[in-house]
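# Notes for the structure review
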Amino acid sequence: MARRILAAGNWKMNKTPSETTALIEEMKKTCASDTVDVLFCVPAIDIPAAVAAAKDSNIQIGAENMYFEESGAYTGEVAPAMLVDAGVSHVIIGHSERRQYFAETDEMVNKKVLKAIEHKLVPVICCGETLEQREQGVTLDWIRVQIKIALQGVAAEDAKGVVIAYEPIWAIGTGKTATSDQAEEVCKGIRDLLRELYDDETAETTRILYGGSVKPGNAAELFGKEDIDGGLVGGASLTPDFGGIVNYEK
Ligand code: PGA
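Residues numbered from 1 in each chain as written. Predicted model: local features only at pLDDT ≥ 70, side-chain atom pairs only at ≥ 80, totals over all residues. Heavy atoms only, no water.

## Regarding helix 9 (residues 180-197)
The test is simple: Secondary structure elements are taken from DSSP: a helix is a run of H or I of four residues or more, a strand is a run of E of two residues or more, and numbering for both begins at the N terminus. By this rule, a helix spans an expected 1.5 Å times one less than how many residues it contains. Throughout, exposure labels follow a simple rule: accessible area from a 1.4 Å probe, protein chains only, divided by the maximum for the residue type, with under 20% read as buried, over 50% as exposed, and the rest as partly exposed.
The end-to-end C-alpha distance of helix 9, which contains 18 residues, comes to 25 Å, matching closely the 26 Å that a straight helix rising 1.5 Å per residue would cover. Of the residues making up helix 9, those classed as buried are Ser-180, Ala-183, Glu-184, Val-186, Cys-187, Gly-189, Ile-190, Arg-191, Leu-193 and Leu-194.

## Side note on helix 5 (residues 106-118)
Residue pairs three or four apart in sequence face the same way in an α-helix, which turns once every 3.6 residues. Compared with the 18 Å implied by 1.5 Å per residue over 13 residues, the 18 Å span of helix 5 between its first and last C-alpha is a close match. Buried residues of helix 5: Asp-106, Val-109, Asn-110, Lys-112, Val-113, Lys-115, Ala-116 and Ile-117, and no others. Within two residues after helix 5, Lys-120 carries a phi angle of roughly 60 degrees, on the positive side.

## Description of unusual backbone geometry
Even without glycine at this site, Lys-12 takes up a positive phi of about 55 degrees. In this structure, Lys-12 sits in the loop between strand 1 (6-10) and helix 1 (17-30). Phi at Ala-103 takes a positive value of approximately 55 degrees, unusual for a residue other than glycine. Along the chain, Ala-103 falls in the loop between helix 4 (96-101) and helix 5. Note on Ala-103: relative accessible area 55%, which makes it exposed.

## As for the packing of helix 1 against helix 2 (residues 47-54)
Our working definition: Interaxial angle, 0 to 180 degrees, is taken between N-to-C directions of lines fitted to C-alpha atoms, where a helix line uses only the stretch in contact. An angle below 35 degrees is read as roughly parallel, one above 145 as roughly antiparallel, one from 65 to 115 as roughly perpendicular, and any other as oblique. For any pair of crossing helices, the crossing counts as left-handed if the nearer helix is rotated counterclockwise from the farther one by less than a right angle, and right-handed if it is rotated clockwise. Contacts are assigned to residue pairs with any non-hydrogen atoms lying within 4.5 Å of each other. Under this grouping Gly is polar, as are all residues other than the nonpolar Ala, Val, Leu, Ile, Met, Phe, Trp, Tyr, Cys and Pro and the charged Asp, Glu, Lys and Arg.
Between helix 1 and helix 2, the least distance of the axes is 8 Å, while the angle of their chain directions is 25 degrees. Between helix 1 and helix 2, the crossing angle belongs to the class labelled roughly parallel. Considering the relative orientation of helix 1 and helix 2, their crossing is right-handed. On the side of helix 1, the interface is formed by Pro-17, Thr-20, Thr-21, Ile-24, Glu-25 and Lys-28, while helix 2 contributes Ala-49, Ala-50, Ala-53 and Ala-54. A per-class count over the contact of helix 1 with helix 2 returns six nonpolar, two polar and two charged.

## Here we look at the sheet that holds strand 7 (residues 207-211)
Rule in force here: A pair of strands counts as paired when DSSP detects no fewer than two bridges linking them.
Pairing is parallel around the closed barrel formed by eight strands, whose spatial order is 1-2-3-4-5-6-7-8. The mean angle between the axes of side-by-side strands here comes to 25 degrees, regardless of whether they run parallel or antiparallel. Alignment of strand 5 (residues 122-127) against strand 6 (residues 163-166), held across four bridges, turns out to be parallel. Following the sheet pairing, Cys-126 is matched in strand 6 by Ala-165. Helix 5 contacts strand 4 (90-93) and strand 5 of the sheet and is inclined by roughly 160 degrees relative to strand 5.

## Structural notes on the pairing of strand 2 (residues 37-42)
Here is the rule we go by: With the strands pointing away from the viewer, any crossover whose connection runs clockwise from the first strand over the helix to the second is right-handed.
Among the six residues of strand 2, six are classified as buried, and the element is accordingly described as predominantly covered. Residues Asp-37, Leu-39 and Cys-41 of strand 2 are buried on one face, and the alternating residues Val-38, Phe-40 and Val-42, pointing to the opposite face, are buried as well. Where strand 1 meets strand 2, five bridges bridge the pair, whose relative direction is parallel. For Ala-7, the partnering residue across the bridge sits in strand 2 and is Val-38. Note on the crossover from strand 1 through helix 1 to strand 2: the handedness is right-handed. Taken together, strand 2, helix 2 and strand 3 (residues 59-63) constitute a β-α-β crossover, and its handedness is right-handed.

## Overview of the layout of surface pockets
Where we set the bar: Using a 1 Å grid laid over the protein atoms alone, points where a 1.4 Å probe fits but cannot get out form a cavity; open sets with protein on both sides within 12 Å along at least 5 of 7 lines form a pocket; any residue with an atom within 4 Å of a point counts as lining. Grid points are joined across faces, edges and corners, and a volume is the space filled by probe spheres set on the points.
Within this model, the largest pocket holds a volume of roughly 530 Å³. Looking at the largest pocket, it is lined by 20 residues, and the ones nearest its centre are Lys-12, Glu-64, Asn-65, Arg-98 and Phe-102. Looking at which element gives the most residues to the lining of the largest pocket, the answer is helix 4, with three residues. In the lining of the largest pocket, the residues fall into eleven nonpolar, four polar and five charged. Its boundaries defined by the atoms lining it, the second largest pocket holds a volume of some 210 Å³.

## A look at the pattern of salt bridges
Definition in use: A carboxyl oxygen of Asp or Glu within 4 Å of a side-chain nitrogen of Lys or Arg is what we treat as a salt bridge.
The tally for this structure, following the rule as stated, stands at 24 salt bridges. A salt bridge links Lys-115 to Glu-70; the nearest nitrogen and oxygen atoms lie 2.5 Å apart. You can see Lys-115 sitting in helix 5 and its partner Glu-70 sitting in the loop between strand 3 and helix 3 (80-86), a full 45 residues away along the chain. Owing to a relative accessible area of 34%, Glu-70 belongs among the partly exposed residues under this scheme. Between Glu-104 and Lys-112 there is a salt bridge, and its shortest N-O distance comes to 2.7 Å. Given the relative accessible area of 5%, Glu-104 is considered buried. Overlapping salt bridges bring together Arg-3, Lys-188, Arg-191, Asp-192, Arg-195, Asp-200, Glu-204, Asp-227 and Asp-229 as one network.

Interpretation note: all reported values are geometric properties and have no functional meaning in isolation.
Right, dumping it as structure tokens:
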């Protein structure tokens, strides 16, 4: 079954609202595509500007995080209904930077995934190993635990709509990309896990991305792999050159 490639940007803590408007205007020119889905996950305060600038284009706007409660006394947090009302379609959940700097646990990731699905937001669920874990040979064991917990209580029908992003921590922002074979091995392992947890159809439908120093020069090789359905891109999503990733086939 052909899965559409998803080129997703993760702006992290970059760009002001006015810079967002200008950058999305540029991206509309370089990221036009009929065949590849384009998504930018932006800081919460930039969402209204990004949604307005992306209107009537092929670009979808996502959030980088959200909280798992509906509303209430959670100072500084953003609720799922706020994202939906603002025009957001996707939300990154459990990025390694949130796990590392903001103490997010697998249990919190699971709660956020369930809440996102309840609000019809597509969760982009992140997983990834440290360099030590890779050297100890436990990469796939670790990823399986992360994904199994993230998907606790998620029905097959809903699992088909989620996006999973495999991002080895040692490859994020380091310029060190996993080789396409290393990336494929883990993405295939995740697909095998989906087959175990659900069924063939779910495994063949769910999109699995690779992230970690994806750039125009390596996108074609990575996205050409059987089990890699696109990329989650940090640094290289901050300039209009991102169009070189969207149009990786050209
Ligand atoms: P990078 O970040 O492309 O800058 O390595 C990827 C990510 O953290 O999503």
